[in-house]
Amino acid sequence: MQSFVFTIIGCLAVLSVITSGAMYVVAQPASTSSERLAVKTPNLGRHFQEFGREGSILIYDSKNNRFYQHNPQRNATAIAPASTFKIFNALVALETGVVPDDVAVLTWDGIHREIEAWNHDTNLRQAFKDSTVWFYQVLARRAGYERMQQFINKVGYGNRQIGTAADIDRFWLQQQLLQITPKEQIKFLQRLYQGDLPFSQRTINLVKDIMVREQTPDYTLRGKTGWLTTTKPNIGWFVGYLEENKNVYFFATTLDMDKVEDAPARIEITRRSLKDLGLLAQIN
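Notes on the structure follow. (Residues numbered from 1 in each chain as written. Predicted model: local features only at pLDDT ≥ 70, side-chain atom pairs only at ≥ 80, totals over all residues. Heavy atoms only, no water.)

The next subject is the pattern of salt bridges. In the structure shown here, the tally under the stated rule is 15 salt bridges. A salt bridge links Arg272 to Glu50, with the nearest nitrogen and oxygen atoms 2.7 Å apart. Here Arg272, found in helix H10 (residues 264–276), pairs with Glu50, found in helix H2 (residues 45–51); they are 222 residues apart in sequence, far enough to count as distant. Overall, the relative accessible area of 28% leaves Arg272 in the partly exposed class. Note that Asp169 is salt-bridged to Arg170, the shortest N-O span being 3.4 Å. A relative accessible area of 33% places Arg170 in the partly exposed class. Each member of the salt-bridge network shares a partner with another, and the members are Arg53, Asp258, Lys259 and Asp262. (Salt bridge = Lys/Arg side-chain N within 4 Å of Asp/Glu carboxyl O. Helix = DSSP H or I, 4+ residues; strand = E, 2+ residues; numbered from the N terminus. Buried < 20%, exposed > 50% of the residue type's maximum accessible area, 1.4 Å probe, protein only.)

So, on to the packing of aromatic side chains. Counting across every chain of the model gives 17 aromatic pairs. Note on Phe88 and Phe188: the rings are 6.1 Å apart at their centroids and 40 degrees apart in plane angle, and the pair reads as tilted. Highlighted residues: Phe88 in helix H4 (residues 86–96) and Phe188 in helix H8 (residues 182–194), separated in sequence by 100 residues. Relative to Phe251, the ring of Phe238 lies with its centre 5.0 Å away and its plane at 45 degrees, an arrangement referred to as tilted. Here Phe251 lies in strand S8 (residues 247–257) and Phe238 lies in strand S7 (residues 234–244), a separation of 13 residues in the sequence. (Phe/Tyr/Trp six-rings, centres within 6.5 Å; stacked < 30°, edge-to-face > 60°.)

Here is the structure:
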């Protein structure tokens, strides 16, 4: 009987050790698997170094709810939107009817400006592409201070400061008035993409369409540049979103600029950063 009892106790002890060991062995692969799933974050800062410029970039991968960025502090710093505000301005102009559609032509005022593309009659679509300041200033004046402020408040755009009625055609160009952070730019673009803004679907669809910069069977790239000249150094913007691989990537890039030759770097740095994520493979 004693031999039998000792045998039973021994078996139970061995079983206990085996069970404990099995639990330990099962736990190990879970940790290893987690390490294998870690995502490598690309060094987006090197692209700014290649151009010898200071700046920032923020990319939001909506499907995976993941941010990629360089210069987080700057991505949370508010600056004037400059011509990126043409996205908002176009929404207001279409919604209020101050311009009926994207092809209605406004007559050039005859004032010669430094950018030759601005010196002729134009429409909403072409003026967006050429970033024609006078055209969008006319739209803002026609919309008026009160309606513009109402839409700014409804959307919650940036710091919502558009100054007084006298500032209606320049508040987005002056650093001391309307300001927005790169993070807020991305939130605004997300709402535009989702149709979650106080504008009709027709208005939103038209603005999305005029924002298209490149379109291939594989992707669609929408965006708007901006150039803030009231700061030293000047600050360039490039904001928008890329639809590719059944996903949407929102981006906001800022760049310190001293001269016209610096302007293309806003777009090139953004492209290189998107390429780091395996996107825009067709762009050389």
